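Okay, here's what each chain looks like letter by letter:
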Amino acid sequence: MNIIDKAKHHFLTKEFFLFLVIGCINTFNGTFIAWLCSYLTPYNNLNFNIGYIMGNIIAYWMNSVIIFHEKLSLGRYVKFFISYVPNYIIQNIIVLIFYNWLDFPPVVSYLLAAILGIPVTFLMVKIFAFGRK
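So, a few notes on the structure that sits alongside this text. (Residues numbered from 1 in each chain as written. Predicted model: local features only at pLDDT ≥ 70, side-chain atom pairs only at ≥ 80, totals over all residues. Heavy atoms only, no water.)

**Considerations on the nonpolar core**
And step 1. Within the largest apolar cluster, 16 residues are counted, with the highest numbers of intra-cluster contacts made by Phe-19, Ile-67, Phe-68, Phe-80, Val-125 and Phe-130.
And step 2. Sorting the residues of this core by element identifies helix H2 (14-37), helix H3 (44-67), helix H4 (74-83) and helix H6 (106-129) as the ones contributing at least two each.
And step 3. Excluding residues that lie within four positions of it along the chain, Phe-130 makes contacts with Tyr-60, Asn-63, Ser-64, Phe-68, Glu-70, Arg-76, Phe-80 and Val-125. (Core = buried A, V, L, I, M, F, W, Y, C linked by side-chain atoms within 4.5 Å. Buried < 20%, exposed > 50% of the residue type's maximum accessible area, 1.4 Å probe, protein only. Helix = DSSP H or I, 4+ residues; strand = E, 2+ residues; numbered from the N terminus. Contact = heavy atoms within 4.5 Å.)

**Topic: the layout of surface pockets**
And step 1. By volume, the largest pocket amounts to about 1,100 Å³.
And step 2. Along the walls of the largest pocket sit 33 residues, with Thr-27, Phe-48, Tyr-52, Asn-87 and Gln-91 positioned nearest its centre.
And step 3. Those elements giving two or more residues to the lining of the largest pocket turn out to be H2, H3, helix H5 (85-101) and H6.
And step 4. At 10 residues, the largest contribution of residues to the lining of the largest pocket is made by H2.
And step 5. The residue inventory of the lining of the largest pocket, partitioned by class, reads 19 nonpolar, 14 polar and no charged. (1 Å grid on protein atoms, 1.4 Å probe; cavity = no way out; pocket = protein on both sides within 12 Å on 5 of 7 lines; lining within 4 Å. Points joined across faces, edges and corners; volume = space filled by probe spheres on them. Nonpolar A, V, L, I, M, F, W, Y, C, P; charged D, E, K, R; others polar.)

Below you can see the structure in the form of structure tokens.
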């Protein structure tokens, strides 16, 4: 199977579409939870991290139930959480390059980072966390 066929096999699927939908919901959840926390504490980094972790827990539940039809387990959640580490690194590098070095507008830099990180995250979640080939 060549690279184009492999890409189609992974990304032109119902699983990937649902992953995108859940990602949008997850972004809203994490942001909303962080915003709610801002009424409890003035520490924005703490609020962001609480929102991120809570959003990640919700995303794990949705991915398990809606996409991969797997029972919830602590071990799989740990793998799911680890699956997001490359995305975090990729997004930070992209923002560093496009915003800090190339002077792109922040919103454009963030959008590029999100878009370019999605395929890697999907493959990590699918293969590493949920054991799908």
